[in-house]
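Close look at the chain arrangement
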Amino acid sequence: VQLQASGGGLVQAGGSLRLSCAASGRTFSRYVMGWFRQAPGKEREFVAAISWSGGSTYYAHSVRGRFTISRDNAKNTVYLQMNSLKPEDTAVYYCAADRRDSVSVSGTTYDDWGQGTQVTVSS
């Protein structure tokens, strides 16, 4: 599946952004979808993931309560609503698709990746 992430930008601390990831292909609804991020000089880290049905969601501790992952299988799109943004949320955000049935927080299990969208939070 091909993925196209969008919605990044520059926002002040405390602000909000919604990222979108549009997928091509007819089997999107069977993929676990995840969001990861990578800040300059740091390793890529897990942010959030959602099961193929949308019934199960998982979050990194650092974003729980502030970020919400959701999906619309009819639109082949997964979203990441980011509220109460902090400067430490600044990173390139990537969406990824996993063909397995179970949700993983490890980037190594994801099969397909989008190109990334930059999120910058100013203090």
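We now turn to the structure provided with this report. Given the structure is predicted, the values throughout are model-derived calculations rather than measurements. (Residues numbered from 1 in each chain as written. Predicted model: local features only at pLDDT ≥ 70, side-chain atom pairs only at ≥ 80, totals over all residues. Heavy atoms only, no water.)

**Some thoughts on the overall build of the chain**
Quick reminder of the rule: Starting at the N terminus, helices and strands are each numbered in turn, a helix being any DSSP run of H or I of at least four residues and a strand any DSSP run of E of at least two. Each residue is assigned to one of three classes by its accessible area relative to the maximum for its type, calculated with a 1.4 Å probe on protein chains only: buried under 20%, partly exposed between the two thresholds, exposed over 50%. The criterion used for residue contact is that any of the two residues' heavy atoms lie within 4.5 Å. As used throughout, the charge tally considers Lys and Arg to be positive and Asp and Glu to be negative, leaving His and the chain termini uncounted. Think of each charge as sitting on NZ of Lys, CZ of Arg, CG of Asp or CD of Glu.
From N to C terminus, the chain includes zero helices and eleven strands. Put simply, the chain runs from its N terminus to its C terminus through helices and strands in the order β-β-β-β-β-β-β-β-β-β-β. For the chain, buried positions account for 46% of its 123 residues. The long-range share in the chain, meaning contacts at least 24 apart out of those at least 6 apart in sequence, stands at 57%. Of the charged side chains in the chain, 13 are positive and 9 negative, and the gap between their average positions amounts to 4 Å.

**A look at the layout of surface pockets**
As a reminder of what qualifies: Grid points spaced at 1 Å over the protein atoms alone were grouped into cavities, where a 1.4 Å probe fits but cannot get out, and pockets, open sets with protein on both sides within 12 Å along at least five of seven lines, with lining residues defined by an atom within 4 Å of a point. Grid points are joined across faces, edges and corners, and a volume is the space filled by probe spheres set on the points.
Its volume calculated, the largest pocket comes out at about 160 Å³. Forming the boundary of the largest pocket are 13 residues, of which Arg37, Lys42, Glu45, Glu88 and Asp89 lie nearest the centre.

**A look at the sheet that holds strand S7 (residues 67-72)**
Counted only if it meets this: Pairing between strands is defined by DSSP: at least two bridges between them are needed. A fitted line through C-alpha atoms serves as each axis, taken over the contacting stretch for helices, and the angle formed by two N-to-C directions is quoted from 0 to 180°.
Pairing in this open sheet of four strands is antiparallel, and the strands run S1-S3-S8-S7 from one edge to the other. Edge positions in the open sheet fall to strand S1 (3-6) and S7, since each of these has one partner strand only. Recorded for the sheet is a direction-independent mean angle of 15° between the axes of neighbouring strands. With four bridges joining them, S1 and strand S3 (residues 17-23) adopt antiparallel strand pairing. When the sheet's bridge partners are listed, Leu3 is paired in S3 with Ala23.

**Let's talk about the state of the cysteines**
Convention followed: Defined by distance alone, a disulfide is two cysteine sulfur atoms within 2.5 Å.
Evaluation of the coordinates by the stated rule reveals one disulfide. Each sulfur in the disulfide pair Cys21 and Cys95 lies 2.1 Å from the other. Its S-S torsion of about 60° marks the bond between Cys21 and Cys95 as right-handed, since a negative value means left-handed. Of the two residues, Cys21 sits in strand S3 while Cys95 sits in strand S9 (residues 91-98), which places them 74 residues apart along the sequence. Comparing Cys21 with Cys95 shows no difference in burial state: the two are buried.

**Thoughts on the pattern of salt bridges**
Which entries qualify depends on this criterion: Salt bridge, as applied in this entry: a Lys or Arg side-chain nitrogen positioned within 4 Å of an Asp or Glu carboxyl oxygen.
What the rule picks out here adds up to six salt bridges. Salt-bridge contacts for Arg37 lead to Asp89; the nearest nitrogen and oxygen are separated by 2.9 Å. Here Arg37, found in strand S4 (residues 32-38), pairs with Asp89, found in the loop between strand S8 (77-82) and S9; they are 52 residues apart in sequence, far enough to count as distant. Given the relative accessible area of 5%, Arg37 is considered buried. For Asp89, a relative accessible area of 1% gives the class buried. A salt bridge links Asp98 to Arg100; its shortest N-O distance comes to 3.1 Å. For Arg100, a relative accessible area of 41% translates into the label partly exposed. Through salt bridges that share partners, Arg37, Glu45, Arg66 and Asp89 make up one connected network.

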